[in-house]
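Structural overview
Chain by chain, the residues:
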Amino acid sequence: MKKITAVLLIAVLLLSSLSFSGCGKKELVVTENTGKLIVIEAKRASEGNFFVTGTLEVADGEKIAITSGLKKGEIKIEILSLDGLDDSSTVPDLNGAGVIMIGNMAPGNAMSGTMEPGDYMLRATVTEKATGTINIEVLPAG
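Residues numbered from 1 in each chain as written. Predicted model: local features only at pLDDT ≥ 70, side-chain atom pairs only at ≥ 80, totals over all residues. Heavy atoms only, no water.

1. Some thoughts on unusual backbone geometry
Within the chain, arginine 44 stands out as a residue other than glycine whose phi angle is a positive 50°. Its location among the elements puts arginine 44 in strand E2 (residues 37-45). (Helix = DSSP H or I, 4+ residues; strand = E, 2+ residues; numbered from the N terminus.)

2. Section: the nonpolar core
One finds Ile40, Ile64, Ile75, Ile77, Ile79, Ile134 and Ile136 to be the most contacted residues of the largest nonpolar core, which totals 24 residues. Among the secondary structure elements, those contributing two or more residues to this core are E2, strand E3 (50-58), strand E4 (62-81) and strand E7 (118-140). At eight residues, E7 tops the list of elements feeding residues into this core. Not counting residues up to four positions away in its chain, the partners in contact with isoleucine 75 are Leu28, Ala42, Leu70, Gly103, Asn104, Met105, Ala124, Thr125, Val126, Thr127, Ala130 and Ile134. (Core = buried A, V, L, I, M, F, W, Y, C linked by side-chain atoms within 4.5 Å. Buried < 20%, exposed > 50% of the residue type's maximum accessible area, 1.4 Å probe, protein only. Contact = heavy atoms within 4.5 Å.)

3. Focus: the environment of isoleucine 66
Checked against the element boundaries, isoleucine 66 lands in strand E4. A residue is classified by how much of its surface remains accessible, and isoleucine 66, at 1% relative accessible area, is buried. Note: C-alpha distance between isoleucine 66 and methionine 111 (45 residues apart in sequence) is 5.3 Å.

4. Brief notes about a positive patch on the surface
On the surface, Lys26, Arg44, Lys72 and Lys129 cluster together into a patch of positive charge. By the secondary structure assignment, lysine 129 is in strand E7. We classify lysine 129 as partly exposed; its relative accessible area is 38%. (Patch = residues over 30% accessible without salt bridge, like charges linked within 9 Å, V, L, I, M, F, W, Y side chains within 5 Å. Areas by Shrake-Rupley, 256 points an atom, 1.4 Å probe, with all protein chains shown as cover. Salt bridge = Lys/Arg side-chain N within 4 Å of Asp/Glu carboxyl O. Lys, Arg positive; Asp, Glu negative; His and termini not counted. Charge placed at Lys NZ, Arg CZ, Asp CG, Glu CD.)

Rendered as structure tokens:
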């Protein structure tokens, strides 16, 4: 009987350690990307982590609104124009892409701006270790 109890105890401890090991994961990811909504999730994301994703589809009479749900830290958000990036024979230079909107998103920050109709990419860069979410939405400008 003691042997079965010991085996069960070891199994419970192993399962607990496996579930807790996922809690320490550091990441900066996109959890939703529909063309009208991009949701960024940071889990203890380190300074310098970044990604580029697309596409935000802005129609006539729409704007882009960015809302921070960060609990701590800061993430720089850049909205990039796709002008000149439609040539499939070249690799796009995203550092040379036209930056349309920039915002350093910290806990509680929000910003919005009207955009020309078109498709845009998003670059997010952690500037201070961050945890939480950021929503980037395309909404009616009114």
